[in-house]
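# Tertiary structure, described
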Amino acid sequence: MSSHNNNSTSANDPRQPSAVKSFVAQPVSPEELPVDYSGFIAVVFGIAGVMFRYKLSSWLAIIFCAQSLANMRNFENDLKQISMAMMFAIMGLVTNYLGPARPGTRS
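This one's a predicted model, so the numbers in the text were calculated from it and none came from an experiment.

## Thoughts on the overall build of the protein chain
Looking only at helices and strands, the protein chain features 4 helices and 0 strands. Each helix (α) and strand (β) of the protein chain, taken in turn from the N terminus, gives the series α-α-α-α. In the protein chain, which comprises 107 residues, the proportion classed as buried is 20%. In the protein chain, the share of contacts with a sequence separation of at least 24, taken over all contacts with a separation of at least 6, comes to 68%.

## Description of the side chain of Ser38
Here Ser38 lies in helix α2 (residues 37-51). Each residue touching Ser38, except ones within four places of it in the same chain, is listed here: Phe64, Gln67 and Ser68.

## Side note on helix α4 (residues 75-98)
Under the 1.5 Å per step criterion, the end-to-end length of α4 is 33 Å for 24 residues, consistent within 8% with the ideal 34 Å. Among the residues of α4, those classed as buried are Asp78, Ile82, Ala85, Ala89, Gly92, Leu93 and Asn96. Close packing links the buried residues of α4 with α2 and α3 (55-70).

## A few points about the packing of α3 against α4
It is at 9 Å that the axes of α3 and α4 come closest, and there the two elements cross at 155°. Classified by the angle between their axes, α3 and α4 sit roughly antiparallel to one another. Taken as a pair, α3 and α4 cross one another with a handedness that is left-handed. Only Ile82, Ala85, Met86, Ala89, Gly92, Leu93, Asn96 and Tyr97 of α4 make contact with α3, whose side of the interface consists of Lys55, Ser58, Trp59, Ala61, Ile62, Cys65, Ser68 and Leu69.

## Concerning the environment of Ile47
Inspection of the secondary structure puts Ile47 in helix α2. Taking the C-alpha atoms as reference points, Ile47 and Ser58, 11 residues apart in sequence, are found 8.2 Å from one another.

## Remarks on α3
Taking 1.5 Å per residue, 16 residues should reach 22 Å; α3 reaches 23 Å between its end C-alpha atoms and fits that length. For α3, the secondary structure elements touched by its buried residues are α2 and α4.

## Description of the environment of Ala61
Looking at the secondary structure, you find Ala61 in helix α3. Residue Ala61 is classed as buried on the basis of its relative accessible area of 0%. As for Ala61 and Phe40, which are separated by 21 residues in sequence, their C-alpha atoms are 9.6 Å apart. Beyond its immediate chain neighbours, meaning those up to four positions away, Ala61 contacts Ala42, Phe45, Gly46 and Ala89.

## Re unusual backbone geometry
Residues other than glycine seldom take positive phi values, yet Arg53 does so here, at roughly 55°. Inspection of the secondary structure puts Arg53 in the loop between α2 and α3.

## Some points on the packing of α2 against α4
Each packed pair of helices is defined by two parameters, the angle between the axes and the distance between the axes. Two elements in contact, α2 and α4, have axes whose closest approach is 8 Å; the angle formed by their N-to-C orientations is 25°. By the criterion of interaxial angle, the relationship of α2 to α4 is roughly parallel. By crossing handedness, the relation of α2 to α4 is classed as left-handed. Mapping the contact onto sequence places Gly39, Phe40, Ala42, Val43, Gly46, Ile47, Gly49 and Val50 in α2 and Gln81, Met84, Ala85, Phe88, Ala89, Met91, Gly92 and Asn96 in α4. Per-class residue counts for the contact of α2 with α4 are 10 nonpolar, 6 polar and no charged.

Criteria and thresholds
Residues numbered from 1 in each chain as written. Predicted model: local features only at pLDDT ≥ 70, side-chain atom pairs only at ≥ 80, totals over all residues. Heavy atoms only, no water. Helix = DSSP H or I, 4+ residues; strand = E, 2+ residues; numbered from the N terminus. Buried < 20%, exposed > 50% of the residue type's maximum accessible area, 1.4 Å probe, protein only. Contact = heavy atoms within 4.5 Å. Expected span 1.5 Å × (residues − 1). Axes fitted to C-alpha atoms, helices over the stretch in contact; angles between N-to-C directions. Parallel < 35°, antiparallel > 145°, perpendicular 65-115°, else oblique. Left-handed = near helix turned anticlockwise from the far one by under 90°. Nonpolar A, V, L, I, M, F, W, Y, C, P; charged D, E, K, R; others polar.

And the structure:
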């Protein structure tokens, strides 16, 4: 740290402060946004929870819905996907906990 001398570095500094340009982020269209994997996984787990009556799958769908909701970028498309996944997850939980028992299982 003591080897840095402000006087010698300012005289030998090749950078030009007048040529500095600030960074401006380019706008990204909604079609070019990355895929929302947590929303897709929530839909898959929600459908699996309803069709195969897996409680764990329905609970995982709700967790991935919450994660997707927290990381939402495109409001309109993501909200449709999240609402569909949440409906499947809730439907799976309702059928698992309040519906008739699966054949071949004891309660």
